[in-house]
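Geometric and topological summary
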Amino acid sequence: MSGRMVVAGAVTSADGRLLLAQRRYPPEVAGLWELPGGKVEEGEDPAQALRRELREELDVDVEVGTRLERSVELAHDLTLVALWARIVGGEPRAVEHSRLRWVTVDELDEMAASGAIVPADTVWLPELSLRISGG
Ligand code: DCP
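The paragraphs below set out a description of the structure included in this document. (Residues numbered from 1 in each chain as written. Predicted model: local features only at pLDDT ≥ 70, side-chain atom pairs only at ≥ 80, totals over all residues. Heavy atoms only, no water.)

**Here's the deal with the site of the ligand**
In the region of the ligand, 15 residues are neighbours, and R23, Y25, L35, K39 and D121 sit closest. The separation between an oxygen atom of the ligand and a polar side-chain atom of Y25 is 2.9 Å. Here an oxygen atom of the ligand and a side-chain polar atom of K39 are 2.7 Å apart. The fraction of the free accessible surface of the ligand (570 Å²) that becomes covered by protein chains is 72%. The set of elements that each furnish at least two residues to the shell around the ligand consists of β1 (4–11) and β4 (37–39). Across the shell around the ligand, the residue classes tally to eight nonpolar, two polar and five charged. (Near = heavy atom within 4 Å. Polar contact = N/O pair within 3.5 Å; in protein donor to acceptor, adjacent residues only side chain to side chain. Areas by Shrake-Rupley, 256 points an atom, 1.4 Å probe, with all protein chains shown as cover. Helix = DSSP H or I, 4+ residues; strand = E, 2+ residues; numbered from the N terminus. Nonpolar A, V, L, I, M, F, W, Y, C, P; charged D, E, K, R; others polar.)

**Section: the environment of G31**
Summarising the element assignment, G31 is placed in the loop between β2 (18–22) and β3 (33–34). Residue classification places G31 among the partly exposed positions, given a relative accessible area of 33%. Excluding anything up to four places from it in sequence, G31 contacts Q22 and R23. (Buried < 20%, exposed > 50% of the residue type's maximum accessible area, 1.4 Å probe, protein only. Contact = heavy atoms within 4.5 Å.)

**Re the nonpolar core**
In this structure, L18, L20, L35, L108, W124 and L128 are the most contacted members of the largest nonpolar core, which totals 24 residues. Elements represented by at least two residues in this core include exactly β1, β2, β7 (78–89), α2 (105–113) and α3 (125–133). In terms of residues, this core owes the most to one element, β7, which gives four residues. Those residues in contact with L35 that sit more than four places away from it in its chain are A8, G9, A10, L18, L19, L20, A82, D121 and W124. Grouped together as the second largest cluster of nonpolar side chains are 13 residues, V11, V40, A49 and V81 included. (Core = buried A, V, L, I, M, F, W, Y, C linked by side-chain atoms within 4.5 Å.)

This is how it looks when you write it as structure tokens:
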């Protein structure tokens, strides 16, 4: 792993859904759905960064769990990782995204098949499907 880290949240609900957020920018991925998150700042660990980003982007407090197995080398020397998370305070709202959606495993599969998921995030599909279908 090299360069700066970007952390995304695999936010799950008690009823086995996953939270997806629709990007507004940049044009290449505008309209596509992602796991919400952002860049880890200096002095933060990934969990702290994720809690900050989800407060900013979704207006919620989350409890952060373990890391998903896969990571992705993005352009510009960025490494993308994901952490499991669950909401412990607040109701998510789209502060920076155009929309939010809680999806079932079937909906996630359909969205992936139709190319609606941000390309980098598709590496997590197997892990996400296993976890959310397993409840
Ligand atoms: N990214 C991704 N999948 C995610 C989250 C992010 O592929 N689930 C990518 C998109 C960008 C990079 O990571 O190439 C940084 O993401 P953001 O722009 O969302 O992060 P920031 O908000 O921190 O960046 P900026 O301040 O530049 O807007």
